[in-house]
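So the chains spell out like this:
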Amino acid sequence: MANFRSNSIDKLFSVILNLDTVDECYNFFEDVCTIKEIQDMAQRLEVAIALDKGKNYQEIAKDTNVSTATISRVSKCLNYGSGGYKKAIEQLKENGAE
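Everything in this summary refers to the structure shown in the same document.

Conventions adopted
Residues numbered from 1 in each chain as written. Predicted model: local features only at pLDDT ≥ 70, side-chain atom pairs only at ≥ 80, totals over all residues. Heavy atoms only, no water. Patch = residues over 30% accessible without salt bridge, like charges linked within 9 Å, V, L, I, M, F, W, Y side chains within 5 Å. Areas by Shrake-Rupley, 256 points an atom, 1.4 Å probe, with all protein chains shown as cover. Salt bridge = Lys/Arg side-chain N within 4 Å of Asp/Glu carboxyl O. Helix = DSSP H or I, 4+ residues; strand = E, 2+ residues; numbered from the N terminus. Buried < 20%, exposed > 50% of the residue type's maximum accessible area, 1.4 Å probe, protein only. Contact = heavy atoms within 4.5 Å. Core = buried A, V, L, I, M, F, W, Y, C linked by side-chain atoms within 4.5 Å.

1. Here we look at a nonpolar patch on the surface
Stage number 1. A contiguous nonpolar patch, built from Phe4, Leu12, Phe13 and Val32 and spanning about 380 Å² of accessible area, is present on the exposed surface.
Stage number 2. Residue position: valine 32 is located in helix α2 (residues 22-32).

So this is what it looks like as structure tokens:
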């Protein structure tokens, strides 16, 4: 993955890490992103979870209404990326939220 680190992105991530509640996250992300962008991120996480469970592309496309191109990209990140999806899924499993 491309190196996109910067001070401004560090600040953004620090702010996100310091949000305390789901409501605070909703408020922040609603101000920073479009609803569609938030939905797209959530949808990609759902795709990663489904891939982690061993579902095939056709099942995931049917269940999520995501294109197979997006599923392929998420799969690539899940398998060869920085480990972000894997860590997120691991945390969801540990918290019983997955």
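2. Some remarks on the pattern of salt bridges
Stage number 1. Counted by the stated rule, this structure contains 4 salt bridges.
Stage number 2. As a salt-bridge pair, aspartate 52 and lysine 93 come within 2.8 Å of each other at their nearest N and O atoms. One end of the pair, aspartate 52, is in helix α3 (residues 35-52); the other, lysine 93, is in helix α6 (residues 84-94), and 41 residues separate them in sequence.
Stage number 3. A salt bridge links glutamate 90 to lysine 87, with the shortest nitrogen-to-oxygen separation between them at 3.7 Å. In this pair, glutamate 90 and lysine 87 are both assigned in helix α6, 3 residues apart and thus about one turn of the helix distant.
Stage number 4. The class for glutamate 90 is partly exposed, based on a relative accessible area of 39%.

3. A closer look at the environment of isoleucine 60
Stage number 1. Within the fold, isoleucine 60 resides in helix α4 (residues 57-64).
Stage number 2. Residue isoleucine 60 is classed as buried on the basis of its relative accessible area of 1%.
Stage number 3. Counting along the chain gives 11 residues from isoleucine 60 to isoleucine 71, while the straight-line C-alpha distance between them is 7.8 Å.
Stage number 4. Residue contacts for isoleucine 60: discarding those within four places in its chain leaves Val47, Ala50, Leu51, Lys55, Asn65 and Ile71.

4. Here's the deal with the environment of glycine 96
Stage number 1. Position of glycine 96 relative to the elements: it lies in the segment after α6.
Stage number 2. Given the relative accessible area of 63%, glycine 96 is considered exposed.
Stage number 3. A C-alpha to C-alpha distance of 20 Å links glycine 96 and methionine 41, two positions 55 residues apart in sequence.

5. So, unusual backbone geometry
Stage number 1. Despite not being glycine, asparagine 65 has its phi angle at roughly 60 degrees, a positive value.
Stage number 2. Structurally, the position occupied by asparagine 65 is in the loop between α4 and α5 (68-80).
Stage number 3. For asparagine 65, a relative accessible area of 70% corresponds to the exposed category.

6. Remarks on the nonpolar core
Stage number 1. In terms of nonpolar packing, the biggest core is built from 13 residues, with Val47, Leu51, Ile60, Ile71, Val74 and Tyr85 touching the most fellow members.
Stage number 2. Secondary-structure elements contributing two or more residues to this core are α3, α5 and α6.
Stage number 3. With 5 residues, the single largest contributor to this core is α3.
Stage number 4. Setting aside residues no more than four positions away along its own chain, valine 74 makes contact with Arg44, Val47, Ala48, Leu51 and Tyr85.

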